[in-house]
Amino acid sequence: MSQPAAPVNNSLAYLNGDWQPLTETVVPVNTHALQYGTGCFEGIRGYWDGKRINLLFLAEHLDRLHRNAKLLLMQAPTPAQMSAIACEIVARNQPTANIYLRPMVFKKGTTMGPVLVNVADGFMTYMQFLGDYLDTSKGLNVCVSSWCRLSDNSLPTRTKATGGYLNSALAKSEAVLNGYDEAIFLNDRGQVCEGSAENIFIVREGMLHTPDRTADILEGITRRAMVTLAKDLGIGVIERPIARTELYVSDEVFLVGTGCQVSYVRSVDRRIIGDGSRGPLTTRIQQAYEDAAYGRNPAYSSWLTPA
Ligand code: PMP
């Protein structure tokens, strides 16, 4: 039986100073970013609380984008300008369900050659509706990837550079082709790094453990929120190098990110984690995160920007 066609996302999008329906936005085929992967971006969730959209960690995402663009020798609009565009996209499209915003700084010039200087910069933001990115209700079956994470001295993963996502795509594709839901990268030192688009936490001896910021990870904003929530819940967090085989003996493993939110891992390389169900610390932290994101806990209202 044929599947019904997915609805076309044709919300108004911002591209280099203009507002257009997303399907009408155009860049030349020789755009530098398309040829060489010279862009960096953010993913920002907006949660519908029944009355309005609240953008989660808007300022933190735009601050990260601004810093990453600078590292990559790109000129981003100011965080205030990008924030105004993010709010305007919500105002223009009036969504009444959870959304995801994708702001991107990119080399819009058409100069030939892989160089970052003397190529014009562009900026765009588009919106789409987004439910769960990974299924958060059932556990994920993940594998350790045979692909190694890019190293900071090759292509800094902390920059969220568009070109770097080919590394993620190779790992995720291998995982899917082999029947897994997601891939876990090791870095070039053989230590646990992160998922294809998520940071990772393990639970051992009642504490959360996660790779530190020099482990070639993206410095995730959800990861940082986990550290805050854990502290507030009285759960210890240790940031340190994690060995591959620690995954297999962990009591709990979960992935976090703007897209996947908090998703528990059921098995790693076919070894069941705990009893295969969502563990107690994961359950507590996932609940706390969802309460904060949906504006149900006033203690975290500063995380939300009503748009
Ligand atoms: N690692 C990678 C490689 C990612 O793409 C993402 C998603 N942005 C994350 C981690 C999670 O980061 P954040 O919590 O900031 O969304």
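On a predicted model such as this, the values are computed, not experimentally measured, just so you know.

> Tell me about the pairing of strand 10 (residues 192-195), and please be specific about residues and values.
Looking at chain direction, strand 9 (residues 182-186) and strand 10 are connected through three bridges and run antiparallel. Note that in strand 10 the partner of Ile184 across the bridge is Gly195. Following strand 9, the chain reverses through five residues before pairing antiparallel with strand 10; Gly190 in that reversal takes a positive phi of roughly 80°.

> Tell me about empty space enclosed by the protein, residues and numbers included.
This model, assessed by the stated rule, comprises two cavities of 30 Å³ or more. Within this model, the largest cavity holds a volume of roughly 60 Å³. Forming the walls of the largest cavity are Arg149, Leu150, Leu155, Pro156, Thr157, Lys160, Ala161, Gly164, Tyr165 and Ser168. Each pocket or cavity is described by its volume, and for the second largest cavity that value is around 40 Å³. Lining the second largest cavity are Arg45, Tyr47, Leu56, Phe57, His61, Ile221, Thr222, Thr258 and Tyr289. Tallied by class, residues from the lining of the second largest cavity come to five nonpolar, three polar and one charged. The residue makeup of the lining of the second largest cavity includes at least three contributed by each of domain 1 (6-129) and domain 2 (140-293).

> Kindly report on the site of the ligand, identifying the contributing residues and their values.
The local shell around the ligand holds 15 residues, among which Tyr165, Glu194, Ile221, Thr222 and Thr258 are the closest. Between Tyr165 and the ligand, the recorded distance is 2.4 Å, taken from a side-chain N or O atom to an oxygen atom. Backbone polar atom of Ile221 to an oxygen atom of the ligand: 2.8 Å apart, as the coordinates give it. Starting from 380 Å² of accessible surface for the ligand in isolation, the protein chains cover 96%. Most atoms of the ligand, that is more than half of them, are within 2 Å of grid points of the largest pocket. Within the shell around the ligand, the residues separate by chemical class into four nonpolar, six polar and five charged.

So, how was this worked out
Residues numbered from 1 in each chain as written. Predicted model: local features only at pLDDT ≥ 70, side-chain atom pairs only at ≥ 80, totals over all residues. Heavy atoms only, no water. Pairing = 2+ DSSP bridges. Helix = DSSP H or I, 4+ residues; strand = E, 2+ residues; numbered from the N terminus. 1 Å grid on protein atoms, 1.4 Å probe; cavity = no way out; pocket = protein on both sides within 12 Å on 5 of 7 lines; lining within 4 Å. Points joined across faces, edges and corners; volume = space filled by probe spheres on them. Nonpolar A, V, L, I, M, F, W, Y, C, P; charged D, E, K, R; others polar. Domains from an automatic or database assignment. Near = heavy atom within 4 Å. Polar contact = N/O pair within 3.5 Å; in protein donor to acceptor, adjacent residues only side chain to side chain. Areas by Shrake-Rupley, 256 points an atom, 1.4 Å probe, with all protein chains shown as cover. Sits in = over half its atoms within 2 Å of the grid points.

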